[in-house]
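# Summary of the model geometry
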Amino acid sequence: MKKSDIIKQIDKYTNYSQKDIKLVIEYFLDAIMEGLIQDERIELRKLGIFLLKKKPSKMVINPRTGVQTLVSERYLPYFKMGKYIKKELNKHQANAKKV
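Residues numbered from 1 in each chain as written. Predicted model: local features only at pLDDT ≥ 70, side-chain atom pairs only at ≥ 80, totals over all residues. Heavy atoms only, no water.

This brings us to the overall build of the chain. Within the chain, the secondary structure is distributed over three helices and five strands. Start at the N end of the chain and walk to the C end: the helices and strands fall as α-α-β-β-β-β-β-α. In terms of overall dimensions, the chain has C-alpha extents of about 60 × 40 × 25 Å along its principal axes. In the chain, which comprises 99 residues, the share counted as buried stands at 10%. Taking as baseline every contact in the chain between residues at least 6 positions apart, the subset at least 24 positions apart corresponds to 28%. (Helix = DSSP H or I, 4+ residues; strand = E, 2+ residues; numbered from the N terminus. Buried < 20%, exposed > 50% of the residue type's maximum accessible area, 1.4 Å probe, protein only. Contact = heavy atoms within 4.5 Å.)

As structure tokens, this is what we get:
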């Protein structure tokens, strides 16, 4: 599902224009990104938690040349699914397998 599909789905249930819905989604994603940039934990009930995980620097070897290189530390986005969404997905998958 793409952002445009989400916009169309929300459009079915609201009286807002697709342009307004797109703007709200853009602001929502920008707010999450800004929170992550500021190293904040973003918690959305029923969905999950967005946070950054720090990967320490390490030495790696280029398999082609055999040259060692230092990869600097970096931060990676991480999403931890919430209990509600896990339960719903597992319930849906269990029902799909019965059919």
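For sheets, the rule is that strands pair by backbone hydrogen bonds, running either parallel or antiparallel. The sheet built from three strands is open, its strands ordered 1-2-5 with antiparallel pairing. Whereas interior strands pair on both sides, the edge strands pair on one side only; in this sheet they are strand 1 (42-44) and strand 5 (74-81). Taken over all neighbouring pairs, the strand axes of this sheet differ in orientation by 25 degrees on average, direction set aside. Where strand 1 lies against strand 2 (residues 48-55), three bridges are found, and the strand directions are antiparallel. (Pairing = 2+ DSSP bridges. Axes fitted to C-alpha atoms, helices over the stretch in contact; angles between N-to-C directions.)

Under the counting rule described, the total for this entry stands at five salt bridges. Note that Lys-3 is salt-bridged to Glu-26, the shortest N-O span being 2.2 Å. Separated by 23 residues along the polypeptide, Lys-3 in helix 1 (residues 3-13) and Glu-26 in helix 2 (residues 18-37) bring together distant segments of the chain. In this structure Lys-3 comes out as partly exposed when scored by relative accessible area, which is 34%. For Glu-26, a relative accessible area of 26% corresponds to the partly exposed category. A network of salt bridges, in which partner residues are shared, links Arg-41, Glu-43 and Arg-45. (Salt bridge = Lys/Arg side-chain N within 4 Å of Asp/Glu carboxyl O.)

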